[in-house]
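# Structure assessment
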Amino acid sequence: MSRTQKQPSYLGKVAQKKTIGDRVVRFRSALSNTILDVLKGRGWQEVQGEMEWDFYWCDVGWMREVFDHYYMEEHCRINHFRNHYELTRKNLMVKNLKKFRKQVEREQGKLEASKCDFFPTTFELPSEYHMFVEEFKRNLGSLWIMKPIAKAQGKGIFLFRKLKDITDWKKESYKSQEERRNDDKEPVETYIVQKYIENPYLIGGKKFDLRVYVLVTSYIPLKAWLYREGFARFSNTRYSLDSIDDTYIHLTNVAVQKTAPDYDPEKGCKWSLNQLRQYLIARHGIEAVEEMLKKMDDIFIYSLLCVQKIMINDKHCFELYGYDIMLDDKLKPWLIETNASPSLTASNQEDYELKCRLLEDTQWFRQLQQYVDPPP
């Protein structure tokens, strides 16, 4: 917590230390931001290094390198599923959604499968380059966006209209492994290429996307909770297709927008979802907004169902997903990506309080109460 951010009053109101049996709950945290404040505010004890813990807010690197070799007691909990990347890595998310859509169409028909049409036309490069070229030629003049699959915060993203704009990238991707070794270069990075949503819903002439949080405590059976408090992230510059190289226009990531010369950290570029909902109701009426929200619910449900059978379910694990949703000018929601480690660093006091509430209200903590405060 920065010196300018005040801890919400309820975090300091711990009547007694929360315990497991006759001792304080011990936790580890790979982050030193909002989550650390919330866990300490519950009266839990932070441990370091190899000390035993009951609750660990880890990073995905720990899951990849340590989880399979680590023994956890019955009551221990951790904030990722083993193969969370099936939903949170850009290329795998699309692959699983496409597969699921085909399954739904085969089993329930095209009408039901149409509910899965909430993600842009997408290809993985270089493996699906030729398929992409065919689609590109069928839609000459369309705008496309390239994204590296393993990067975040807008890094490595660019837009293009012409195939020649990615010629150098393509040449590098098709080099042999031997050539790359001779060039002393790493193997080419995998990207996804998506048809860009050229008609986003604008407010004040600016593009925005939505960050919505979904908590999953089990995949078998599927148990998920939707947090209603999220926010809309606005670009700092008015929307235009005349400048496709201007990241301040096209990328709403806070990490990108806060580098804008006229960015105000106190005002930020955010609205609460409640503010956005009220604005949209005033403009379009409650029925249109309710329909939009229903379609967003479909996104959350179907995206989780698409990985339910392949996710490694573990009673020790839960996941707090950060969904990025974009609205087009018809109020249709589009799934842009799903984050396994949504940022918990606050951009201002209002954002800090929202994220504290999110973490404090997470059903996971309530689920842990059976171990924390056992009935008499």
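Residues numbered from 1 in each chain as written. Predicted model: local features only at pLDDT ≥ 70, side-chain atom pairs only at ≥ 80, totals over all residues. Heavy atoms only, no water.

This paragraph deals with helix H11 (residues 273-284). Here H11 contains 12 residues, and its C-alpha end-to-end distance of 16 Å stays within 8% of the 16 Å for a straight helix at 1.5 Å per residue. Considered for burial, the residues of H11 that qualify are Leu273, Leu276 and Leu280. Down the axis of H11, the buried side of the element spans an arc of 60°, and every buried residue falls inside it. Of the exposed residues in H11, those oriented more than 90 degrees away from the buried face are Gln278 and Ala282. Within two residues after H11, Gly285 carries a phi angle of roughly 90°, on the positive side. (Helix = DSSP H or I, 4+ residues; strand = E, 2+ residues; numbered from the N terminus. Expected span 1.5 Å × (residues − 1). Buried < 20%, exposed > 50% of the residue type's maximum accessible area, 1.4 Å probe, protein only. Arc of directions from axis to C-beta.)

Looking now at the pattern of salt bridges. Under the defined criterion, the tally for this structure stands at 20 salt bridges. A salt bridge links Glu46 to Lys40; its shortest N-O distance comes to 3.6 Å. Since its relative accessible area comes to 27%, Glu46 is described here as partly exposed. With a relative accessible area of 46%, Lys40 lands in the partly exposed category. For Arg233, the salt bridge is made with Asp209, and the minimal N-O distance between the two is 2.8 Å. Taken together, the positions of Arg233 in strand E13 (residues 222-234) and Asp209 in strand E12 (residues 206-219) put the pair 24 residues apart, joining distant regions of the chain. Relative accessible area serves as the criterion here: at 8%, Arg233 is assigned to the buried category. Connected via shared salt-bridge partners are Arg23, Arg26, Glu52 and Asp54. (Salt bridge = Lys/Arg side-chain N within 4 Å of Asp/Glu carboxyl O.)

It is worth spelling out the sheet that holds strand E7 (residues 122-125) at this point. Taking strand neighbours across the sheet as the criterion, the four strands line up as E7-E10-E8-E9 in an open arrangement whose pairing is antiparallel. Because the sheet does not close on itself, it has two edges, and the strands there are E7 and strand E9 (158-160). Averaged over all adjacent pairs, the angle separating strand axes in this sheet is 25°, with direction ignored. Each of E7, strand E8 (144-148) and strand E10 (191-195) touches helix H4 (residues 90-108); the most contacted strand, E7, lies at about 130° to it. (Pairing = 2+ DSSP bridges. Axes fitted to C-alpha atoms, helices over the stretch in contact; angles between N-to-C directions. Contact = heavy atoms within 4.5 Å.)

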